[in-house]
Every structure is written in C-alpha cells, then in structure tokens.
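Chains, contacts and geometry: an overview
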Amino acid sequence: DAKTTQPNSMESNEEEPVHLPCNHSTISGTDYIHWYRQLPSQGPEYVIHGLTSNVNNRMASLAIAEDRKSSTLILHRATLRDAAVYYCILRDPTSGTYKYIFGTGTRLKVLA
Amino acid sequence: GAGVSQTPSNKVTEKGKYVELRCDPISGHTALYWYRQSLGQGPEFLIYFQGTGAADDSGLPNDRFFAVRPEGSVSTLKIQRTERGDSAVYLCASSLTLTPYNEQFFGPGTRLTVL
C-alpha cells in the first residue's frame, strides 16, 4: 500500500500560518499527492492536489519537495473553522487502479 | 447543486441481520467509492465503481459485504449477517471521471451500529 506518515496532531493560533507535513517516501513518479480534510461529523472534503510543482488555491497552498518524498500543506491564516483532521493521501501503486489509501491524518486544533 | 447523499444517516441493527446502505452520487459522476471509517481512524477503502462495474473491490473485508451500481448512478452497499465489528461510519464518494488527479466528493456517511 502507498503509505503516508503524518503527525497525529498539531496546534495553531488563530490567524497564524499552519504548516502540515506529510512523508510519502514510496510515492511513484506519476502519482499525485492529494489532501483532504474532515470536519467533525462530516465526510472528508477536498483541499488541494499536486504532482511536482507547488500549488495554490483559495483554500491552501501545497509545497512539494523536489524529490517528491514529502509535502507540506500550508494554511496561510488559520481560522477556527479550519479545525479538522487533515489527510494526505496517495493512490495505491500496487493495485494498478484508482484505489486511494488514507492514513490516520493530522488533527489540527486552532486556538482563539 | 446537490452533493452526494447517503441514506439512512443512522442505522441500528441487531447482530446477524441484513442491512443495505444507499448512496446517491452527484449527477453525471461516473466513479463511485465506498469507504468505512472507524472511530479515530481514517477512511478505509472498500470498493469503487467505474460506471456499473466494480473496478476494484479489494477492500471488501469478506464475502458478507457486497455492493452494486446497476445503472451507473445510485449504489447500494449490502452487508449480510452483520457483526458488532461492522459498526462504523460508511462513506460514499463520487468523482466526475477517473484520472490521477480526480477530486472525490464525499457524502455525510451512514453511521451503522450493530448491537
């Protein structure tokens, strides 16, 4: 299985930037890195994805290491509504299909 | 527009009973996924469909679990002879197509409790 490693939890103060790391040393050369987040009692929601270059959208930025073995999700100004579990996921390279593997994610706590 | 919907939102059943969980994907989405999420864990892949066919069912835990998508839209996850260990939130997601960068849209889930 494609494995990602994330810290179990992180804390941030409101309106400060947050950097959420993810290690994915077994990533294959053509697989995208996807980030989702899950608010309490909801299904996961898409945040961002990238392949090699850094990516920005209205929610966040994604910084990808040059060797692609790690990435960092950046929330530029954390708000209380950003408190969630953040998942970095990859496609399972052994399956040859579009099967995605979620880890346990990082629980982000935002302090007012 | 309407997102992914799942029914029922909660299901309580007794050990040994049969249950069906329904997923209505976003209209026009060809791919549909099922995941299971236990407390404190990330979603665990069960199966996904491309159109009407199951493209990968390697995550189904055993032969008590079965899923169908007969017309390429609505899907039903069926669990026979439920066990207490089946208790979890069952999540459904759909995506427009299957590409390496496809975004999955998740429903709110069905919380299954097996007594």
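Everything in this summary refers to the structure shown in the same document. Treat the numbers as computed from the prediction; the structure is a model and nothing was measured.

1. Remarks on the overall build of chain A
- Assigned secondary structure in chain A consists of zero helices and 10 strands.
- Seen in sequence order, chain A has helices and strands lined up from the N terminus as β-β-β-β-β-β-β-β-β-β.
- For 112 residues, the compact-globule formula gives about 13 Å, and the C-alpha radius of gyration of chain A, at 13 Å, lands near that figure.
- Principal-axis analysis of the C-alpha atoms places the extent of chain A at approximately 45 × 30 × 20 Å.
- With 112 residues in all, chain A has 48% of them scored as buried.
- Pairs at least 24 residues apart make up 55% of the contacts formed inside chain A by residues separated by at least 6 positions.
- Of the roughly 5,600 Å² that chain A leaves accessible, carbon and sulfur atoms contribute 47%.
- Across chain A, 11 positive and 11 negative side-chain charges occur, with their mean positions spaced 4 Å apart.

2. Quick look at the state of the cysteines
- Applying the stated rule across the entire model yields two disulfides over all chains.
- One disulfide bridge connects Cys22 of chain A with Cys88 of chain A, the sulfur atoms lying 2.1 Å from each other. Here Cys22 of chain A and Cys88 of chain A share a disulfide; its torsion about the S-S bond, -75 degrees, makes the bridge left-handed. Of this pair, Cys22 of chain A sits in strand β2 (residues 18-23) while Cys88 of chain A sits in strand β8 (residues 84-91), and the two are 66 residues apart along the sequence.
- We classify Cys88 of chain A as buried; its relative accessible area is 0%.
- Disulfide pairing is shown between Cys23 of chain B and Cys92 of chain B; the S-S distance is 1.8 Å. An S-S torsion of about -65 degrees defines the bridge between Cys23 of chain B and Cys92 of chain B as left-handed. With Cys23 of chain B in strand β3 (residues 19-24) and Cys92 of chain B in strand β9 (residues 88-95), the pair connects residues that are 69 residues apart, well separated along the chain. Of the two residues examined, Cys23 of chain B and Cys92 of chain B, each falls in the buried class.

Conventions and cut-offs
Residues numbered from 1 in each chain as written. Chains lettered and ligands numbered in written order. Predicted model: local features only at pLDDT ≥ 70, side-chain atom pairs only at ≥ 80, totals over all residues. Heavy atoms only, no water. Helix = DSSP H or I, 4+ residues; strand = E, 2+ residues; numbered from the N terminus. Rg over C-alpha atoms; globule rule 2.2 N^0.38 Å. Buried < 20%, exposed > 50% of the residue type's maximum accessible area, 1.4 Å probe, protein only. Contact = heavy atoms within 4.5 Å. Areas by Shrake-Rupley, 256 points an atom, 1.4 Å probe, with all protein chains shown as cover. Lys, Arg positive; Asp, Glu negative; His and termini not counted. Charge placed at Lys NZ, Arg CZ, Asp CG, Glu CD. Disulfide = S-S within 2.5 Å.

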